[in-house]
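What follows is each chain in one-letter form.
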Amino acid sequence: MSDRNAELAAAIEAVRAASRVCIAVQRKLVSAETLEKRDKSPVTVADFASQAIVCRKLAEVLPGDRVVGEEDAAELRDASQEALAAAVADRVADEIGGAEVSQVLDWIDLGGADASEGRYWTLDPIDGTKGFLRGQQYAVALGLIEDGEVVLGVLGCPNLSGRGGTGALFAGVAGGGALELPLAGDGIAGDPVRVTSLTSPAEARFCESVESGHSNQSESAQIAAQLGITLDPYRIDSQCKYAAIARGDAQIYLRMPTRKDYREKIWDHAAGKLVVECAGGRVSDVTGRPLDFSQGRTLEQNRGVVATCGAIHDEVIEVVERVRAESAV
Ligand code: AMP
Ligand code: MG
């Protein structure tokens, strides 16, 4: 087994375990009143538990590897958050068969590495928390960055329909193809996935965020109209959008900036971008610039994201730039 295969196996195993924890919490959440009350604590519990599980697994299999996670345990270490910390530890214990609170907090903090130089993992323990709370789509996203390039990506998508039922996992290693694997399985064998081969953007279906605060939906509607697209947008939370492009459920992903000062986070894009590229697609920002993962925790040099099935990318960027120029006037 090459090193990449060992890394891939560890990442897949970690994402599967974290996904199981998220599924268990979401199942309780949907059946409880919390959804109506808009109580955010269940998603918080799942978020921390997911990060603890992934960091623990990576530390066990690849000791010394750095992890840049979205969360840290500072809040949980506060005496006022004892009940929350205990709930997180319970969820982790359910998955791994026992765990002390202090140990779980330390696992979460393994995700506190600096996003600087060399090699590190980046983790979004629950990407699409709004979708998670609505009982809809979310993803566990884990990418490996080396010298500013994403070299491996794994996306666990517990509510996406997969080949063997509900739940799908996508994986890619730079230079290789993208795979779809069963979320509930084990091992690293899967089925190759490819983007749609499409030469005219007019035939495309485009996907975007459900949340209008995360992507400018009126701009994307104008872009779609100018491209001659007639299909309704496919609105789906999280990096499931990248999975949709990779396996041909959609052909264009538009993430149009809603604020001048917002910078995309590396954990929101690393795994998804790689999966799309391995599946034969292209990913850039809204100006056509490649996503630059060498700038720390954010994509400082980029604005928004455009991912496509490939051949139509330049044509899509041209229209994106035109519409943005018009709306800036
Ligand atoms: P999505 O599910 O595609 O809507 O994206 C969810 C992600 O959007 C979260 O993980 C946030 O990090 C990110 N996010 C938060 N605010 C913004 C914003 N103003 N623009 C773009 N993304 C955002
Ligand atoms: Mg996220």
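Relevant structure appears above.
My aim in this report is to walk through the structure given alongside it, one point at a time. No experiment lies behind these values; they were computed from the predicted model shown. (Residues numbered from 1 in each chain as written. Chains lettered and ligands numbered in written order. Predicted model: local features only at pLDDT ≥ 70, side-chain atom pairs only at ≥ 80, totals over all residues. Heavy atoms only, no water.)

1. A closer look at the sheet that holds strand β10 (residues 252-255)
Right, so step 1: Pairing in this open sheet of 5 strands is mixed, and the strands run β9-β8-β10-β12-β11 from one edge to the other. Single-partner strands in this sheet number two, and they are β9 (234-235) and β11 (282-284).
Right, so step 2: Pairing geometry for strand β8 (residues 206-208) and β9, over 2 bridges, is parallel. Bridge assignment links Cys-207 to a residue of β9, and that residue is Tyr-234. (Pairing = 2+ DSSP bridges. Helix = DSSP H or I, 4+ residues; strand = E, 2+ residues; numbered from the N terminus.)

2. Quick notes on the pattern of salt bridges
Right, so step 1: Summed over the entire model, instances satisfying the criterion amount to 24 salt bridges.
Right, so step 2: A salt bridge links Glu-208 to Arg-235; the nearest nitrogen and oxygen atoms lie 2.8 Å apart. Here Glu-208, found in strand β8, pairs with Arg-235, found in strand β9; they are 27 residues apart in sequence, far enough to count as distant.
Right, so step 3: A residue is classified by how much of its surface remains accessible, and Glu-208, at 0% relative accessible area, is buried.
Right, so step 4: Looking at Arg-235, the relative accessible area reads 41%, which means it is partly exposed.
Right, so step 5: A salt bridge links Glu-264 to Arg-255; the shortest N-O distance between them is 3.0 Å. For the pair Glu-264 and Arg-255, a shared accessibility class is recorded, and that class is buried.
Right, so step 6: A network of salt bridges, in which partner residues are shared, links Arg-4, Glu-7, Asp-65, Arg-119 and Glu-146. (Salt bridge = Lys/Arg side-chain N within 4 Å of Asp/Glu carboxyl O. Buried < 20%, exposed > 50% of the residue type's maximum accessible area, 1.4 Å probe, protein only.)

3. Overview of the packing of helix α5 (residues 82-96) against helix α6 (residues 101-109)
Right, so step 1: Two numbers describe how α5 lies on α6: the axes approach to 9 Å, and their chain directions differ by 90 degrees. What the angle tells us is that α5 and α6 run roughly perpendicular. Residues Ala-85, Ala-86, Val-88, Ala-89, Val-92 and Ile-96 of α5 form the contact with α6, whose participating residues are Val-101, Val-104, Leu-105, Trp-107 and Ile-108.
Right, so step 2: Each residue belonging to the contact of α5 with α6 can be placed in one class, and the counts come to 11 nonpolar, no polar and no charged. (Axes fitted to C-alpha atoms, helices over the stretch in contact; angles between N-to-C directions. Parallel < 35°, antiparallel > 145°, perpendicular 65-115°, else oblique. Contact = heavy atoms within 4.5 Å. Nonpolar A, V, L, I, M, F, W, Y, C, P; charged D, E, K, R; others polar.)

4. A word on the environment of Arg-163
Right, so step 1: You can see Arg-163 is positioned in the loop between β4 (149-162) and β5 (165-173).
Right, so step 2: As a C-alpha pair, Arg-163 and Asp-191 span 28 residues in sequence and 9.2 Å in three-dimensional space.
Right, so step 3: For Arg-163, the residues in contact, after removing those within four places along its chain, are Glu-180, Asp-191, Pro-192 and Val-193.
Right, so step 4: One polar contact links Arg-163 to Glu-180, side chain to side chain, over a distance of 3.4 Å.
Right, so step 5: Within the structure, the side chain of Arg-163 is placed 3.3 Å from the side chain of Asp-191, a separation counted as a polar contact. (Polar contact = N/O pair within 3.5 Å; in protein donor to acceptor, adjacent residues only side chain to side chain.)

5. Here we look at unusual backbone geometry
Only a minority of non-glycine residues have a phi that is not negative, and only a minority of peptide bonds are not trans.
Right, so step 1: Here Glu-117, not a glycine, exhibits a phi torsion of approximately 50 degrees, which is positive.
Right, so step 2: Its place among the elements puts Glu-117 in the loop between α6 and β2 (119-127).
Right, so step 3: Take Glu-117: its relative accessible area is 73%, and that puts it in the exposed class.
Right, so step 4: The backbone phi angle of Ser-238 is positive, close to 75 degrees, even though this residue is not glycine.
Right, so step 5: Among the secondary structure elements, Ser-238 is positioned in the loop between β9 and α9 (240-246).

6. Examining the packing of aromatic side chains
Right, so step 1: Under the defined criterion, the tally for this structure stands at 2 aromatic pairs.
Right, so step 2: When the centroid spacing of 4.8 Å and the interplanar angle of 80 degrees are considered together, the rings of Phe-132 and Tyr-138 count as edge-to-face. With respect to class, Phe-132 is no different from Tyr-138; both count as buried.
Right, so step 3: A centroid spacing of 5.0 Å and a plane angle of 80 degrees characterise the contact between Tyr-242 and Tyr-253, whose relative ring orientation is edge-to-face. Of this pair, Tyr-242 sits in helix α9 while Tyr-253 sits in strand β10, placing them 11 residues apart in sequence.
Right, so step 4: Taking relative accessible area as the criterion, Tyr-242 reaches 0% and is therefore assigned buried.
Right, so step 5: Exposure remark for Tyr-253: the relative accessible area of 2% places this residue in the buried category.
Right, so step 6: Here the guanidinium or amino end of Arg-56 rests over the ring plane of Trp-107, the centre of that ring lying 5.4 Å away.
Right, so step 7: The ring of Tyr-234 has Arg-205 sitting right over it, with the charged end atom 4.4 Å from the ring centre. (Phe/Tyr/Trp six-rings, centres within 6.5 Å; stacked < 30°, edge-to-face > 60°. Lys NZ or Arg CZ within 6 Å of the ring centre and 35° of its normal.)

7. Some details on the nonpolar core
Right, so step 1: Tyr-242, Ile-252, Leu-254 and Ile-266 are the most contacted members of the largest nonpolar core, which has 61 residues in total.
Right, so step 2: Among residues more than four places away in sequence, those in contact with Ile-252 are Ala-204, Arg-205, Phe-206, Cys-207, Leu-227, Ile-229, Ile-245, Ala-307, Thr-308, Ile-312 and Val-316.
Right, so step 3: Of all hydrophobic cores here, the second largest spans 52 residues; its members include Ala-46, Ile-108, Ile-126 and Leu-152. (Core = buried A, V, L, I, M, F, W, Y, C linked by side-chain atoms within 4.5 Å.)

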